[in-house]
Amino acid sequence: MDRSWISNPDRISVEYVAGVDQFLQIARETVDATGCTLCPCKNCINRVRRNIGEIKRHLLHQGFLSTYTVWVEHGEVDYSEEPAHGSFADKMEEAFHDATRDHYFDIGSTSDMLSPEQPADSERYDNLFEQLKTPLYDGCDETIPALTFIVKLMHLKVLNKWTDRSFDMLLKLLQEVLPPGNRCPDSYYSTRKMLCDVGLGYEQIDVCKYDCSLFYGEYSTDQDCHVCGTSRYIRKTIPHKRLRYFPITPRLKRLYSSKSTATLMRWHKEGRVVEPGVLRHPADGEAWQNFDSLNEQFASDPRSIRLGLASDGFNPFGNMSTTYSMWPVVLIPYNLPPWKIAAKTNYLLSLLIPGPKSPTKDFDVFMRPLIDELKVLWNVGTDCFDAHEGKRFKLFASVIWTVSDFPAYAYLSGWSTQGKLACPHCLEDTRHMSIRGKQCYMGHRCFLETEHPWRNRKDFDGTVEVRPPPRCFESSHILAQLDAISPRQPGKAPSNLSRKRKRLSSELNWLKKSILFELPYWSSLKLRHNLDVMHIEKNVCDNIVGTLMDIEGKTKDTLKARMDLKDLDYRHELHLDLDGKTKPFASYTFTKEECRAFGEYIKAVKLPDGFGSNIGRCVTENYKLSGMKTHDCHILLQKLLPAGIISFLTEPVRETLIEFCQFFEKLCATTLRVDELREMQRSIILILCKFEKIYPPAFFTIMVHLCVHLPEQAILGGPVQYRWMYGTERCMGTYKSFVWNTARPDGSIAEAYVIDEALTFLSRYMTKIETRFNRTERNWDHSALNTVPVLDVFSAQFRSLGANELKELGDQRKKVHCEHTSNLLASGYSINELHVAQEEQFLSWFHDKVTLQKQANPLTVTEDLYSLAVGPEERYVSQETCVVNGIRFRSTVHDGLRTQCSGISNLAQHDGIDHMFYGVILEVMEVVYIRGRKVLVFRCQWFKSLPNSNSRFDQYNMTSINIKSSWYEDQSYILATQARQVFYLPNLQKGDNWKIIQKISHRHLYDIPVSTVDDIDENTVDDNEDDDKILPPLQPNTTLVGPSSLVRHDIAPIHFPDQFFVELNILGPNLPRNDHSFEEEEKDDDDDDDEDEVDEVQWDDYTDSDGNENEDSVHMDDDDIS
């Protein structure tokens, strides 16, 4: 096939344009879910993914890469029209070649499905390729190999979640339909057994009954535990426990065996655009850059892999049991671009720690095989084949940090997250206070500057703050503390005397020296363990909402909390009246009427499609909030609570709460800026100090205190989206669905995982069937043309939904063209005359000009330009719903649904000044031009939003508008691609006609510059960076709450029965002690084996209302995650 046109310098020649069209026809077969594929222009050189329209513009304007004559990156193997084994083969031979090229599966007979007489690898691979060339049955078309048929059939089962029984029934039906002697398996078991030869497998390592040790390495043949002497087996060869270990070396090598992933693994170095002070990826953080500077040889190769290690416990039986706890250890490759880091298919399961009890402080025992392999990958590396370059290289890998919730933080780091010194950042400098029955973590004034006036005020806790901020501990200091820890024997055996040993005060809160310190680079990391923003956000939301609505078990304004104030002898206005047996009504709680109003507000909230779940379901009959998942708390804290409390509470309390909510909203942005984070660090200190003037000490749990360290971690690690637990929780939901044998949940998960892993790898090579990588998303869009447009106005990606109606365009036909402005201004028209003249003259002027140019030089007038000049047809298609750029929009006709998709914003000019317009969609118009061109237009109603007017009200960095006040009614049309989605919340303070604007960032849009090329269209550089989505700087008000503002004098005090006060008197005062010095006393080790049985109860902040471990994102659809 002649491709000499690639080198043709005349890029407007018929030959060149026809060649580009030919290439684009092939390239369409390789687009991903976003409609993008690699661009082979001279600037992008197959390193940047773009949609088809953008690729055509680049090829016509910048030229085709001259050396790219065989289009292998776009699915071409050779120049023949048919692949080697026909279209149904779907490059399966290439898939198996990539999979077996580097002996990825040479790890022994590790799967339960493999027999002891497992053939050698070479024989296994020969069998695979033989089945790949063998037809499904004698006489069948040779283009339908048996193995390809089985892989696709199994893929359909996994993707559509067929039950094992339904799959068996299907196989039996196929056996009846297919001729005798066919090679289709007859059961699900035989299908899995066949695919085990394709999988990566896993190792089974026996574990001591008391978690003392693994029967691994030099102890692999022992019959008794070498630590406690307990027998290895329950009976015969049945072990007490069995650890499933999934070696990571073959799995990391697999990332480079396929061209689709090998290219992406370089993105952090070759595709990431570095912008000083801007954090969009973990590689932008100080921790990553510091690691690279200390390990230059490792960092010199962009293929060296940085991993995050995540772990959490989950109950594989759901609500069937509350005592079983299984712990997977997952590795997350951070070399990938942001949209791939979040993909569940790139999470690598490395360990599956069995239950039924949590490993607690013996977590390191189970980590041994993984740590040994990580040390090899750092010190020696492994030989690997790079499919992108087509040659071998030495692959190295490292773990740069861990991701876990707060209890697991203790297991991984070795620092106990309970007790007086619970903060793993402040360490021995943790500011704590003992109150009745618990510890609180106040004293945030110590983080203020030395000369700050708040330090000298005694109305915070009755004292002047003279303590300096907690120190920033260097690695050498931490290592010195760890070296001073007394040796401890692992395990929970009754004979283990150190199981309940006393920790000396010199050991602080250290339980152990983490096994991760065996990694040569671990001590030099600036960020070793991440605080999980997801769970912190949920816990502080529970504290705030529980106290506001006086929710039993969640409120921090209890009788004991009021007695704490009496013990501390301050805030006397909130003290209990023991004579009258009453509790003054605090200003930080709702009355019953306010609870009802707030509950009705939550029930009436409508969120955009895919932004969140229906939080109204959490409102109970007595107007409390119950059963909220972590993502519900995420939406409530950042979006709903600030708008909902505007008409409630006193001004200082309300303002402080809104500032706290906006702190989390800025922290969770996909793009962070270092200067803003440093300002947020100062702001959160002020906010927490103001909280100390409002709430009782019981409010200040360790989770509230940890907020002060979140901006610092963001500076070190980058955006929180790559360091929180949402992705890991979703993986655990998948693992839970793998449990088909409740008697062996860990075995079920392991077997299903290796099958799913194999199918995921092979599905990258399937092009004629829906897979995880090419399946259409719910809100997918597509080009409206069969040919590729050049003009942006015709290249919009959209999809119309629902019923439609043909309508006459009429006078609106004139208003869809708005590009004549500069010509009219040059002709002397004034601004006032411009609009009228444009409507009168533009269509005829533009039509005549293009027609004359087409007659003079036809090659200079594209079909797009000519279609635009002719103008739209007289009729258009009226729609009510559409999807544009992956976002679902609806007209106001559908506002009665549970979602709100009609709100939009658009940046335009008012009186020559840029202004953000807000409105709603009245109609979705699909305007049709000749030759199949289409344009999607929104007919809108714009609400008057002029600043300092009576139709707009700005308060607390939130904008309210009067929806009964409209403007620009004669200019109500915009292109659908110009709209940015917003949603509106009721303003309970201003009335029904006023709405609060809430701007959103959709989770599938990333603010990532795609290239450094200067002439890239502005709209393609980043799809999600809009000035209207950047919150104003967080600048907390420095006005403190006065004593008179803490009590609602308009509400009568609350009376309690006598028995409540009798119980308080029995408890007696427990005078608190400040932590100016750490008492020299021995204390029990926080983490003994008895805690395993009460793990879920003890850490109730991490459980839902039913007592189940919180796996909120697991139970949510993907559309519920913003």
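Residues numbered from 1 in each chain as written. Predicted model: local features only at pLDDT ≥ 70, side-chain atom pairs only at ≥ 80, totals over all residues. Heavy atoms only, no water.

(A) Quick look at the overall build of the chain. Helix and strand counts for the chain come out as 32 helices and 36 strands. Among the 1122 residues that make up the chain, the fraction classed as buried is 57%. Counting contacts in the chain only where the partners sit at least 6 residues apart, residues at least 24 apart contribute 69% of the total. (Helix = DSSP H or I, 4+ residues; strand = E, 2+ residues; numbered from the N terminus. Buried < 20%, exposed > 50% of the residue type's maximum accessible area, 1.4 Å probe, protein only. Contact = heavy atoms within 4.5 Å.)

(B) Up close: the packing of aromatic side chains. With the rule as written, the count across this model stands at 47 aromatic pairs. Between Phe 598 and Tyr 601, the aromatic rings sit 5.8 Å apart at their centres with planes inclined by 40°, giving tilted as the arrangement. Taken together, the residues Phe 598 and Tyr 601, both in helix H19 (residues 592–604) and three residues apart, mark about one turn of the helix. The exposure class of Tyr 601 is buried, given its relative accessible area of 2%. Put simply, the rings of Tyr 588, Phe 660, Phe 663, Phe 664, Phe 691, Tyr 695, Phe 699 and Phe 700 pair up and form one aromatic cluster. The lysine or arginine in question, Arg 303, covers the ring of Phe 393, its NZ or CZ lying 3.9 Å from the ring centre. (Phe/Tyr/Trp six-rings, centres within 6.5 Å; stacked < 30°, edge-to-face > 60°. Lys NZ or Arg CZ within 6 Å of the ring centre and 35° of its normal.)

(C) Just the sheet that holds strand S17 (residues 529–530), in detail. In space, the seven strands of this open sheet follow the order S3-S6-S10-S9-S8-S13-S17, with mixed pairing throughout. Two strands lie at the open edges of the sheet, namely strand S3 (203–207) and S17, each paired on one side alone. Here strand S8 (residues 305–311) runs beside strand S13 (residues 397–404); their pairing, made up of seven bridges, is parallel. Of the residues in S13, the one forming a bridge with Arg 306 is Ser 398. Against the sheet, helix H8 (residues 248–257) makes contact with strand S6 (241–245), S8, strand S9 (327–333), strand S10 (348–353) and S13, and its axis sits at roughly 165° relative to S10, the strand it touches most. (Pairing = 2+ DSSP bridges. Axes fitted to C-alpha atoms, helices over the stretch in contact; angles between N-to-C directions.)

(D) Spotlight on the environment of Leu 677. If you trace the backbone, Leu 677 turns up in helix H22 (residues 674–692). Accessibility expressed as a relative area gives 1% for Leu 677, which makes it buried. Spatially, the C-alpha atom of Leu 677 lies 7.9 Å from that of Leu 667, the residues being ten residues apart in sequence.

(E) Up close: the environment of Thr 360. With respect to the helices and strands, the residue Thr 360 is situated in the loop between S10 and helix H14 (363–379). Expressed as a C-alpha distance, the spacing of Thr 360 and Ala 410, which sit 50 residues apart in the sequence, is 8.3 Å.

(F) Highlighting the pairing of S10. Burial of S10 is extensive: six of the six residues sit out of reach of the surface. Here S6 runs beside S10; their pairing, made up of two bridges, is antiparallel. In the strand pairing of S10, Tyr 245 is matched with Leu 351. Taken together, the five bridges between S9 and S10 define a ladder with antiparallel strand orientation. What sits directly across from Val 329, in S10, is Leu 351.

(G) Structural detail: helix H5 (residues 146–160). Helix length check: H5, at 15 residues, gives a terminal C-alpha distance of 21 Å against a target of 21 Å (1.5 Å per residue), a fit within 8%. With respect to burial, H5 is a largely interior element, twelve of its 15 residues being buried. Those residues of H5 that sit buried are Ala 146, Leu 147, Thr 148, Phe 149, Ile 150, Val 151, Lys 152, Leu 153, Met 154, His 155, Lys 157 and Leu 159. (Expected span 1.5 Å × (residues − 1).)

(H) Representation of the nonpolar core in the model. With 221 residues, the main nonpolar core has Leu 625 and Phe 664 as its most contacted residues. Per element, the largest residue contribution to this core is ten residues, and it comes from H22. In contact with Phe 664, other than residues within four places in its own chain, are Val 533, Ile 536, Glu 537, Val 540, Leu 637, Gln 638, Cys 707 and Leu 710. Judged by nonpolar contacts, the second largest core, of 19 residues, contains Cys 882, Val 884, Trp 967 and Ala 976. (Core = buried A, V, L, I, M, F, W, Y, C linked by side-chain atoms within 4.5 Å.)

(I) How the structure looks around the pattern of salt bridges. Here the structure, examined in full by the defined rule, presents 53 salt bridges. Asp 372 is paired through a salt bridge with Lys 375; the nearest N and O atoms lie 4.0 Å apart. A residue pair is termed a helical-turn pair when its members lie 3 or 4 positions apart in one helix, as Asp 372 and Lys 375 do in helix H14 at three residues. Lys 375 sits in the partly exposed class, given a relative accessible area of 24%. (Salt bridge = Lys/Arg side-chain N within 4 Å of Asp/Glu carboxyl O.)

(J) Structural context of the environment of Asp 10. When you line up the elements, Asp 10 lands in the segment before helix H1 (14–27). Residue classification places Asp 10 among the partly exposed residues on the basis of a relative accessible area of 38%. Between the alpha carbons of Asp 10 and Leu 60 there is a distance of 9.5 Å; along the sequence they are 50 residues apart.

(K) Spatial organisation of unusual backbone geometry. Note the cis peptide between Gly 355 and Pro 356, where omega equals 10°. Within the secondary structure layout, Pro 356 lies in the loop between S10 and H14. With phi around 45°, Thr 360 is a residue other than glycine that occupies positive phi space. Its relative accessible area of 3% is what places Thr 360 among the buried residues. Phi at Asp 550 is positive, roughly 55°, even though this residue is not glycine.

(L) Focus on the side chain of Asp 206. The topology assignment puts Asp 206 in strand S3. You can call Asp 206 buried: its relative accessible area is 5%. In this structure the side chain of Asp 206 is engaged in a polar contact, spanning 3.3 Å, whose partner is the side chain of Arg 242. Those residues within four positions of Asp 206 in sequence are excluded, and the remaining contacts are Leu 214, Phe 215, Arg 232, Tyr 233, Pro 239, Lys 241 and Arg 242. (Polar contact = N/O pair within 3.5 Å; in protein donor to acceptor, adjacent residues only side chain to side chain.)

(M) Focus on the packing of H5 against helix H7 (residues 188–195). Remark: H5 packs on H7, axes separated minimally by 11 Å, with the N-to-C direction vectors making an angle of 115°. The angle between H5 and H7 places the two elements in the roughly perpendicular class. Relative to H7, the crossing made by H5 is left-handed. Note on element contacts: H7 touches H5 through Tyr 188, Thr 191, Arg 192, Met 194 and Leu 195, opposite Leu 147, Ile 150, Val 151, Met 154 and Lys 157. Among the residues forming the contact of H5 with H7, the class breakdown is seven nonpolar, one polar and two charged. (Parallel < 35°, antiparallel > 145°, perpendicular 65-115°, else oblique. Left-handed = near helix turned anticlockwise from the far one by under 90°. Nonpolar A, V, L, I, M, F, W, Y, C, P; charged D, E, K, R; others polar.)

(N) Main features of the side chain of Arg 232. Within the fold, Arg 232 resides in the loop between S3 and strand S4 (233–235). Here Arg 232 is in contact with Asp 206, Phe 215, Ser 220, Thr 221, Asp 222, Gln 223, Asp 224, Pro 239 and His 240, once residues within four sequence places are set aside.

(O) Structural view of the packing of helix H20 (residues 630–644) against helix H21 (residues 651–667). The geometry of H20 relative to H21 is characterised by a closest axis approach of 8 Å and an angle of 150° between their N-to-C directions. Classed by the angle they form, the pair H20 and H21 counts as roughly antiparallel. Crossing of H20 over H21 shows left-handed handedness. Between H20 and H21, the contacting residues are Leu 637, Gln 638, Lys 639, Leu 641 and Pro 642 on the first element and Ile 658, Cys 661, Phe 664 and Glu 665 on the second. Its residues placed into classes, the contact of H20 with H21 shows six nonpolar, one polar and two charged.

(P) Representation of the pairing of S8. Among the seven residues in S8, seven count as buried, and that is most of the element. Alternating residues of S8 divide into Ile 305, Leu 307, Leu 309 and Ser 311 and Arg 306, Gly 308 and Ala 310, and every residue in both groups is buried. Sheet topology note: the S8/S9 ladder contains five bridges and is antiparallel. Within S9, the residue paired with Leu 307 across the bridge is Pro 333.

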